[in-house]
Amino acid sequence: MLFIVAALALMGVLLGAAAHTPLPLFLAAAGAIGAWLLVFFIRERTGHKGA
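Cut-offs used in this document
Residues numbered from 1 in each chain as written. Predicted model: local features only at pLDDT ≥ 70, side-chain atom pairs only at ≥ 80, totals over all residues. Heavy atoms only, no water. Helix = DSSP H or I, 4+ residues; strand = E, 2+ residues; numbered from the N terminus. Rg over C-alpha atoms; globule rule 2.2 N^0.38 Å. Areas by Shrake-Rupley, 256 points an atom, 1.4 Å probe, with all protein chains shown as cover. UniProt positions renumbered as here; feature names shortened; annotations may be inferred. Patch = residues over 30% accessible without salt bridge, like charges linked within 9 Å, V, L, I, M, F, W, Y side chains within 5 Å. Salt bridge = Lys/Arg side-chain N within 4 Å of Asp/Glu carboxyl O. Buried < 20%, exposed > 50% of the residue type's maximum accessible area, 1.4 Å probe, protein only. Expected span 1.5 Å × (residues − 1).

Engineer: Talk me through the overall build of the protein; I want residue IDs and the actual numbers.
Structural biologist: Broken down by element type, the protein carries 2 helices and 0 strands. Against the globule reference of 10 Å for 51 residues, the protein gives a C-alpha radius of gyration of 16 Å, more extended than a compact globule. Seen along its three principal axes, the alpha-carbon backbone of the protein occupies a region of about 40 × 35 × 15 Å. Per element, the accessible surface of the protein, about 4700 Å² overall, is 80% carbon and sulfur.

Now the structure itself:
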């Protein structure tokens, strides 16, 4: 239960910070995070052989 409260509080802080950033900066950051998650997803699905 404490984990859920902490996660909601952190999400509120991050959303509040995102609301005060300029839209182009927010979209660039969202695109970078989305690309990083896509690369991570592809690496996990294909099974990287280096590890």
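Now that the structure is up, let's keep going.
Engineer: Can you break down the UniProt feature "transmembrane region" (unreviewed entry) in the protein residue by residue, with the values?
Structural biologist: The residues that UniProt annotates with the feature "transmembrane region" (unreviewed entry) are residues 26-42. Helix makes up 100% of residues 26-42 and strand makes up 0%, while its end C-alpha atoms are separated by 24 Å.

Engineer: Quick rundown of a nonpolar patch on the surface? Include the residues and the values.
Structural biologist: A cluster of nonpolar residues, Met-1, Leu-2, Phe-3, Ile-4, Val-5, Leu-8, Met-11 and Leu-15, forms a patch on the protein surface that exposes about 970 Å² of accessible area. Along the chain, Val-5 turns up in helix α1 (residues 2-19). Since its relative accessible area comes to 47%, Val-5 is described here as partly exposed.

Engineer: Lay out helix α2 (residues 23-46) in plain terms, naming residues and giving numbers.
Structural biologist: Its 24 residues give α2 an end-to-end C-alpha distance of 34 Å, which sits within 8% of 34 Å, the value for a rise of 1.5 Å per residue. Downstream of α2 by a residue or two, Gly-47 has a phi angle that is positive, lying close to 75°.

Engineer: A description of the environment of Leu-2 should follow, citing residues and the corresponding values.
Structural biologist: By the element assignment, Leu-2 lies in helix α1. Remark: the alpha-carbon pair of Leu-2 and His-20, spanning 18 residues in sequence, is separated by 28 Å.

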